[in-house]
Amino acid sequence: MVWLTIFGMACITYINRFVFLANGIKYKPGDRLKRFLSFSSLAVLTAIWAPIVFVADERLPIAIAGWDYLIATVVAIALSLARFHSLLVVLLSAGLFFTVRLYL
Amino acid sequence: MKPYDLSLYSKAVVAILPLSIAIIPWGVLTGALAMQAGLSLVQAQCLSLLVFAGAAQLSGISMMATGVPLVSIYGSTAVISARHLLYSIVFRSHVEQLSLPKRLAVAFVLTDEMFAVSEAHTKRTGAFSLPFALVSGFTFYLVWNLSTLMGILIGNRFGNLESLGLDFAIVATFVAMTFDQLKRVPEVVAVIVSGLSAVLLKPYLSESYIILATLIGMSTGYALSVVGPDKKHHETKVEPEINSEEM
């Protein structure tokens, strides 16, 4: 049962990755679709990280996961906008995150 | 042309390095949770070897642990992995002339991370590079699987990783990958709308909120790029310009 689950999940994920790379599909994405897709990376990565830092709440519409998360995220955004190398952004903001976490 | 372009390969490894480091805690968490859910060592490792998708694996593991029916597990996997369809569509124009084995290989390592890094390289150099995609992809695959193995071996000694705040590594990494690309209003709006949608949808649609928020953000960004004041100057690029991912 577990193996059936594993292989099934593997097939589904692989199909999602491969289907448009297969030769049989006679489909050429046009300029408008490509422009639409140009936003995919920005949108999907944000959709993944945002709910880690911001949490929907009943009283206020949006709460934060913690001041450590918020401060470190703001710093990460600032460093990234300032064009620091991505590894530096990660190390500096994560370092700040754990430091704030220790003292708050 | 050199048969083995070591300088290109090392650029590919360096490009995916920040993401690979950030993914380590996630891999360890995935391995440890798989063991806690009752999978054997081989089964837990095979999840990472064969599925190679963190979000799908973590959801699948928790569903297996609570006895969710197989059909539901498959359905959730399909929805969670749906964004890979977008990557597949974008990559189509890069690889459609290549042989089947090469396309099969690229598809296997087509993750958020390899997609982002490869697209950045394609933008920077003006051409897609299959070796770059494969090297960065398989490097990430290796790190993911080694991390899973660590998690499997360490097992439940970590307790609740999220309480340690190691999920922040993903926040930092994805912020680093997106904010240096923001040059025009449609891109900024896409990010804000996508983030807001994800936060608001998550409590209600815990499996499909990622793909839904993504589509809402993309649609908003696209709509603004078509009707905005600078629409004449907005070239149709597959990805926005990226200038800081490479060394």
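Residue indices follow the written sequence of each chain, beginning from 1 at its first position. Note on labels: chains are lettered from A, ligands numbered from 1, in written order. The predicted origin of the model limits local features to residues at a pLDDT of at least 70 and limits the giving and counting of side-chain atom pairs to 80 or more, whereas totals for whole chains, interfaces and linings rest on all residues. To obtain the side-chain values, all non-hydrogen atoms of the structure were used and water was disregarded.

**Q** Help me understand the overall build of chain B in this model?
**A** In DSSP terms, a helix is any run of H or I states spanning at least four residues, a strand is any run of E spanning at least two, and both are numbered starting from the N terminus. Within chain B one finds 11 helices and 0 strands. Reading chain B from its N end, one meets helices and strands in the order α-α-α-α-α-α-α-α-α-α-α. Residue burial is assigned from relative accessible area. The probe radius is 1.4 Å, only protein chains are included, and a residue is buried under 20% of its type maximum, exposed over 50%, and partly exposed in between. Taking all 247 residues of chain B together, the buried fraction comes to 55%. Counting contacts in chain B only where the partners sit at least 6 residues apart, residues at least 24 apart contribute 77% of the total. With residues, only the protein chains shown are counted as cover, and all accessible areas are computed by Shrake-Rupley using a 1.4 Å probe. If you sum the accessible surface of chain B, you get close to 10200 Å²; carbon and sulfur atoms cover 68% of it. We call two residues contacting when some pair of their heavy atoms lies within 4.5 Å.

**Q** Help me understand the packing of helix α1 (residues 2-18) of chain A against helix α6 (residues 100-108) of chain B, please; the structure alone is not making it clear to me.
**A** Any two packed helices are characterised by the angle at which their axes cross and by the distance between the axes. Convention adopted: a line fitted to C-alpha atoms gives each axis, helices being fitted over their contacting stretch, and angles between N-to-C directions are expressed from 0 to 180 degrees. Put simply, α1(A) and α6(B) touch, their axes get as near as 8 Å, and they point 120° apart. As far as their axial angle goes, α6(B) and α1(A) are oblique. The hand of the α1(A)/α6(B) crossing is right-handed. Along the contact surface, α1(A) presents A:Tyr14, A:Arg17 and A:Phe18, while α6(B) presents B:Leu100, B:Arg103, B:Leu104, B:Ala107 and B:Phe108. Three classes are used, and their members are as follows: Ala, Val, Leu, Ile, Met, Phe, Trp, Tyr, Cys and Pro are nonpolar, Asp, Glu, Lys and Arg are charged, and the others, Gly among them, are polar. When the residues that make up the contact of α1(A) with α6(B) are grouped by side-chain class, the tally is 6 nonpolar, no polar and 2 charged. Orientation is classified from the angle alone, with under 35 degrees giving roughly parallel, over 145 giving roughly antiparallel, 65 to 115 giving roughly perpendicular, and any other angle giving oblique. Should the near helix be turned anticlockwise from the far one by less than a right angle, the crossing is termed left-handed; should it be turned clockwise, right-handed.

**Q** Can you help me understand the side chain of A:Asn16 in this one?
**A** Relative to the helices and strands, A:Asn16 is located in helix α1. In protein, a polar contact requires one atom able to donate a hydrogen and another able to accept it; more generally it is a pair of N or O atoms within 3.5 Å, and residues adjacent in sequence count only if both atoms are side-chain atoms. A polar side-chain atom of A:Asn16 sits 3.4 Å from the main-chain carbonyl oxygen of B:Ser81.

**Q** What's the story with the state of the cysteines in this structure? I'm lost.
**A** Working definition: the covalent bond between the sulfur atoms of two cysteines is a disulfide. Two cysteine sulfurs form what is called a disulfide whenever their separation falls within 2.5 Å. In this structure the tally under the stated criterion is 0 disulfides over all chains. Sulfur of A:Cys11: no disulfide; nearest cysteine sulfur belongs to B:Cys46 and is 13 Å away. When its relative accessible area of 15% is taken as the criterion, B:Cys46 is described as buried.

**Q** Before we go on, may I ask you to explain the side chain of A:Thr13 in this structure?
**A** On the secondary structure map, A:Thr13 appears in helix α1. Look past the residues within four positions of A:Thr13 in its chain and what remains in contact with it is B:Val51, B:Ala53, B:Thr77 and B:Ser81.

**Q** Teacher, can you tell me more about the confidence of the model for chain B here?
**A** Low pLDDT means the predicted coordinates in that region are not meant to be read closely. Averaged over all residues, the pLDDT of chain B equals 84, while 87% of them reach at least 70. As a per-residue quantity, pLDDT reports the predictor's confidence and falls between 0 and 100. Segment residues 232-247 of chain B: pLDDT under 50, and 56 contacts once partners within four positions in sequence are set aside and those in other chains are kept.

**Q** Please clarify how helix α8 (residues 130-154) of chain B should be interpreted in this entry.
**A** Side chains of residues three or four places apart in an α-helix project in the same direction, reflecting 3.6 residues per turn. All names here are of chain B. With 25 residues, α8 extends 36 Å from end C-alpha to end C-alpha; this agrees with the ideal 36 Å at 1.5 Å per step. The residue sitting at the N-terminus of α8 and contributing the capping side-chain oxygen is Ser129; that oxygen lies 3.1 Å from the backbone nitrogen of Phe132. Once α8 ends, the next one or two residues include Gly155, with phi positive near 65°. Expected helix span is taken as 1.5 Å per residue step, with the number of steps being one fewer than the number of residues.

**Q** Would you take a moment to explain the pattern of salt bridges for this structure?
**A** Residues and elements named next belong to chain A. The salt bridge definition used is simple: a Lys or Arg side-chain nitrogen within 4 Å of an Asp or Glu carboxyl oxygen. The full count for this structure, using the stated rule, is 3 salt bridges over all chains. In this structure, Arg101 engages Asp68 in a salt bridge whose closest nitrogen and oxygen atoms are separated by 2.8 Å. Of this pair, Arg101 sits in helix α5 (residues 86-103) while Asp68 sits in helix α4 (residues 67-81); the two residues are 33 residues apart in sequence, bridging distant segments of the chain. Look at Arg101 and you get partly exposed, because its relative accessible area is 25%.

**Q** What is the right way to look at the domain arrangement of chain B in this model?
**A** All names here are of chain B. A domain assignment, automatic or from a database, supplies the domain bounds used here. The assigned domain composition of chain B is domain 1 (6-165) and domain 2 (182-231). Once you take the C-alpha centre of each, domain 1 and domain 2 turn out to be 24 Å apart. With 7 residues of domain 1 in contact, the opposing surface of domain 2 contributes 6 residues. Carbon and sulfur atoms supply 79% of the area that domain 1 and domain 2 bury against each other, a total of about 520 Å² over both sides. Broken down residue by residue, the surface that domain 1 buries against domain 2 is led by Val79, Arg83 and Leu86, which jointly contribute 63%. On inspection of domain 1 and its partner domain 2, the count reaches 0 salt bridges. Looking at the side of domain 1 that touches domain 2, the elements with two or more residues in it are α4 (70-80) and α5 (83-95). Its residues placed into classes, the side of domain 1 that touches domain 2 shows 5 nonpolar, 1 polar and 1 charged. Buried area is understood as the total, over both parts, of accessible area removed when two parts are fitted together, assessed with a 1.4 Å probe.

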